[in-house]
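Examining the three-dimensional arrangement
One letter stands for each residue in the lines below.
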Amino acid sequence: MKPRFAQIRIPASLIAIAILAYACFWTLRLGYADLLVHTDSPENASRAVELVAGNARYRAHWAAMLDQSGNNPAGSLSALEAAVACNPRDSSSWVELGLRAEVDKDFVRAERSLLQAARIDRQYDPRWTLVNFYFRQSDVENFWLWARQAAVMLYGDAAPLFRLCWRVTQDPEVILKRAIPDDPKILAQYLGFLLDDNHLDAVEPVAQRVAEHAGPGDLPILFTSCDRLLSVRQLPGALRIWNAISRRRLISYPALEPDKGLSLTNGDFRELPLSHGFDWRLHSPEGVSFSQGQSLPLLRVTFSGKQPESCEILSQSVPLLPGQPYRFRFRYRTSGIAPDTGLRWRIFDFATGAELAARSTDMSNEKPTEGDLLFSTPPDTRLARVALTYQRTLGTTRIEGSVLLIHTSLEFALP
């Protein structure tokens, strides 16, 4: 019996060796073909296809090499067709076939190939290719259809897609309705694009939608939106964004309602000013620093004596009613500051820069001291700026010491 078992084992070993040899042969063949493909030579790519005829990637690469050489467009097209025949789910080859057909003005085949790529690959690139195809074909309906589908899969730089939408129409409502999904991340990207490309008239409705779902991470872009609208005097939009942030409780300040006399933010300096929107802006000229009170809410402004002779210390944009008398009150005390300092509170018309009221303050009082400013808004003024400024008084040295701002308020005044 032993010789018979030995006779059986010998053929089995030979079969195993043959299988191993065949596997090694194909491993070497594939490795060599892959090496040929990476040489970026049409001849080597052709040789790789001969070695591994069923590899769609090699055929697509061969087509690309032939296309780059420009000597054999028919051969390049044939290689692409063979690539999708080998692998019907090769979306990149379907895209290339579509683009080739478009160049050849075979728009029906081009559309069919690009749609096939989008069916088998639901990522961004096939959709983006269709967006561009329909843009070139001036097919507006299909452009918006695929622009929205591409936006859903956005990653990386979204500006090219948004910019193409603005080339189709300058109507921000159409773009927002037809191309921008109600997705917080995409809306935030679109808002950033609008700010970067200076489409400020379109900012406010997008910022409102961002604010509906906003978290702390969205505050920078919402603050920027508010600031940019203020810079171009779009008060209603800026105020709506600020109040949306407030109602979302992303900031601790109540919403502003100028019709009810609620126009000043953070009047008691309970919070360190944000320097954005309708909060106090700390201008921080050289030689001036700010800090909060440790036990009581107040803002300490410290002068080193090296500040400019003329500078603005802090300011706030305040929404007001036109043709209305107002009273601005302030409470403060000082430490180490001499009389006739050159510090004064001033009220400016935001649009024109005209001074509505000013009052020099004797900031040498080390006990809490109160003062006020009376002013009336012009008939067409809805936004003013309250500012604490410094102008060195002639015959004095630059001030040193601290001013402790304890409280400010802005209210309707009797005519």
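Throughout what follows, the structure given in this document is the object of discussion.

Basis of the calculations
- Residues numbered from 1 in each chain as written.
- Predicted model: local features only at pLDDT ≥ 70, side-chain atom pairs only at ≥ 80, totals over all residues.
- Heavy atoms only, no water.
- Helix = DSSP H or I, 4+ residues; strand = E, 2+ residues; numbered from the N terminus.
- Expected span 1.5 Å × (residues − 1).
- Buried < 20%, exposed > 50% of the residue type's maximum accessible area, 1.4 Å probe, protein only.
- Contact = heavy atoms within 4.5 Å.
- Salt bridge = Lys/Arg side-chain N within 4 Å of Asp/Glu carboxyl O.
- 1 Å grid on protein atoms, 1.4 Å probe; cavity = no way out; pocket = protein on both sides within 12 Å on 5 of 7 lines; lining within 4 Å.
- Points joined across faces, edges and corners; volume = space filled by probe spheres on them.
- Nonpolar A, V, L, I, M, F, W, Y, C, P; charged D, E, K, R; others polar.
- Axes fitted to C-alpha atoms, helices over the stretch in contact; angles between N-to-C directions.
- Parallel < 35°, antiparallel > 145°, perpendicular 65-115°, else oblique.
- Left-handed = near helix turned anticlockwise from the far one by under 90°.
- Polar contact = N/O pair within 3.5 Å; in protein donor to acceptor, adjacent residues only side chain to side chain.
- Core = buried A, V, L, I, M, F, W, Y, C linked by side-chain atoms within 4.5 Å.
- Phe/Tyr/Trp six-rings, centres within 6.5 Å; stacked < 30°, edge-to-face > 60°.

In this section: helix α7 (residues 124-136). Taking 1.5 Å of rise per residue, 13 residues should cover 18 Å, and α7 covers 19 Å from first to last C-alpha, within 8% of that figure. Within the sequence span of α7, burial applies to Y124, P126, R127, T129, L130, V131, N132, F133 and Y134. Against the buried residues of α7 lie α5 (91-103), α6 (107-120), α8 (140-152) and α9 (159-168).

Taken as a whole, this structure holds 15 salt bridges when the rule is applied. One salt bridge connects R178 with E141, and the closest N-O pair in it is separated by 2.8 Å. One end of the pair, R178, is in helix α10 (residues 172-178); the other, E141, is in helix α8, and 37 residues separate them in sequence. Judged by relative accessible area, R178 falls into the partly exposed class, the value being 29%. Here R209 ties to D182 by a salt bridge, and the two come within 3.5 Å at their closest N and O atoms.

A positive phi angle, close to 65°, is found at R233, a residue other than glycine. Within the fold, R233 resides in the loop between α13 (219-231) and α14 (235-247). Of note, S284 is a non-glycine position whose phi angle comes to about 50°, a positive value. Mapped onto the elements of the fold, S284 is located in the loop between β1 (281-282) and β2 (288-292). Looking at S284, the relative accessible area reads 44%, which means it is partly exposed.

Here we take up the layout of surface pockets. Each pocket or cavity is described by its volume, and for the largest pocket that value is around 290 Å³. Looking at the lining of the largest pocket, its residues break down into seven nonpolar, eight polar and three charged. Each pocket or cavity is described by its volume, and for the second largest pocket that value is around 160 Å³. Surrounding the second largest pocket, L235, P236, L239, L256, E257, P258, D259, P319, L320, L321 and R382 form its lining. Broken down by element, the lining of the second largest pocket gets its largest block of residues, three residues, from α14. Within the lining of the second largest pocket, the residues separate by chemical class into eight nonpolar, no polar and three charged.

Further remarks concern the packing of α9 against helix α11 (residues 184-196). One can describe the packing of α9 onto α11 by two numbers: an axis separation of 10 Å at closest approach and a directional angle of 65°. Between α9 and α11, the crossing angle belongs to the class labelled roughly perpendicular. Crossing hand, α9 versus α11: right-handed. Where α9 approaches α11, its residues A159, F162, R163 and W166 are matched on the opposing element by I186, Q189, Y190, F193 and L194. Per-class residue counts for the contact of α9 with α11 are seven nonpolar, one polar and one charged.

Mapped onto the elements, R228 comes out in helix α13. For R228, a relative accessible area of 26% gives the class partly exposed. In this structure, the C-alpha to C-alpha distance between R228 and G277, residues 49 residues apart in sequence, is 9.1 Å. Ignoring any residue separated from it by four or fewer positions in sequence, one finds R228 in contact with L195, N198 and L200.

By the secondary structure assignment, E204 is in helix α12 (residues 203-212). Residue classification places E204 among the buried residues on the basis of a relative accessible area of 17%. A distance of 3.1 Å separates the side chain of E204 from the side chain of R240, its partner in a polar contact. In contact with E204, other than residues within four places in its own chain, are L229, G237, R240 and I241.

What follows concerns the nonpolar core. Ranked by size, the top nonpolar core spans 67 residues in total, and within it I180, Y190, L191, L222 and F278 carry the most contacts. Setting aside anything within four residues of it in sequence, one finds I180 in contact with R148, F162, I175, I186, L187, Y190 and R209. In terms of nonpolar packing, the next biggest core, distinct from the first, is built from 34 residues, L264, V301, Y326 and I347 among them.

Before going further, it helps to examine the packing of aromatic side chains. Enumeration over the complete set of coordinates arrives at 20 aromatic pairs. With centroids separated by 6.1 Å and ring planes inclined at 15°, the aromatic side chains of Y190 and F193 adopt a geometry described as stacked. One end of the pair is Y190 and the other is F193, both in helix α11 and three residues apart, which spans about a single turn. Each member of the pair, Y190 as well as F193, is classed as buried. Ring pairing ties together the aromatic residues F269, W280, F328, F330, Y332 and W345, which thus form one cluster.

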